[in-house]
Amino acid sequence: MIRRILLAVTLMTPLAIAACSDGGASDITVEEPFARETIGTSTTGAAYLVIRNEGGSDRLISASTPAAATTELHTHEKDGEIMRMRKVDAIGVPARDAVTLEPGGKHIMLFEITEPLKDGGSFPLTLTFEQAGDISVDVTVVATGSSLGGQAHGGMDHDNMDHGDMDHSGH
Ligand SMILES: [Cu+2]
């Protein structure tokens, strides 16, 4: 059923599609999605991106990718002098605003990455928003320390992160 609707939309002229965008599903755009390459035998990583919202407030409620068995929404919080990652149920996207997921901040955590992420590669990622629905992007894999991945985040490498009391074994 959904496939049929999508096909119908695809067959419409660009003008008709533009007219359809009043529904609000296109209020959100996702820019500059990237992840750092995995190191050694590590199967843990994170995806970063910018969410731009031209419409009313929304929330990113989940993400999924064939590149990893488990995906979680994470944030970083300062616990004394230590930055700890914490799983969150959703990442809020205020109306007509942008939210940046970046190293040392909010991110999409990837567990049990199936194939090592290599510099120059990419993988698909589907973001699910409460209002806007699913938005799929291609995440570019960059080398560790690359400028796209940000620099001044010493000590925040995911491999060295203290995951606190999060249990990642119980899938
Ligand atoms: Cu994390």
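These notes cover the structure that comes with them.

A separate point is the environment of threonine 65. With respect to the helices, strands and loops of the structure, threonine 65 is situated in the loop between strand E3 (58-64) and strand E4 (68-79). Owing to 21 C-beta atoms within 10 Å, threonine 65 belongs among the buried residues under this scheme. In this structure the C-alpha to C-alpha distance between threonine 65 and phenylalanine 123, which are 58 residues apart in sequence, comes to 7.6 Å. Once you skip the residues sitting within four places of it in the chain, threonine 65 turns out to touch Thr71, Leu110, Phe123, Pro124, Leu125 and Thr126.

It is worth spelling out the nonpolar core at this point. Counting residues in hydrophobic clusters, the biggest one holds 29 residues, and the most contacted among them are Ala35, Ala47 and Ile108. Dropping the residues within four chain positions of it, alanine 35 is found in contact with Gly45, Ala46, Ala47, Tyr48, Leu117, Val139 and Val141.

With that out of the way, let us pick up the environment of threonine 128. Mapped onto the secondary structure, threonine 128 falls in strand E9 (residues 122-129). Threonine 128 gets classed as partly exposed once you count the C-beta atoms within 10 Å, which come to 14. Spatially, the C-alpha atom of threonine 128 lies 8.3 Å from that of serine 64, the residues being 64 residues apart in sequence. Threonine 128 has contacts with Ile61, Ser62, Ala63, Gly133 and Asp134, leaving out every residue within four places of it along the chain.

How each quantity is defined
- Here the residue numbers are simple positions, counted from 1 along each chain's written sequence.
- Totals for whole chains, interfaces and linings use every residue, but because this is a predicted model, local features are given only for residues with pLDDT of at least 70 and side-chain atom pairs only at 80 or more, for both listing and counting.
- Each helix is a run of DSSP H or I of at least 4 residues and each strand a run of E of at least 2, with the numbering of both proceeding from the N terminus.
- The burial criterion counts other C-beta atoms lying within 10 Å of a residue's C-beta, which is placed from the backbone; the residue is buried at 20 or more, exposed at 12 or fewer, and partly exposed between these limits.
- What counts as a contact is two residues whose backbone-derived C-beta atoms lie within 7 Å of each other.
- By our criterion, buried Ala, Val, Leu, Ile, Met, Phe, Trp, Tyr and Cys residues that link up through C-beta atoms within 7 Å make up a nonpolar core.

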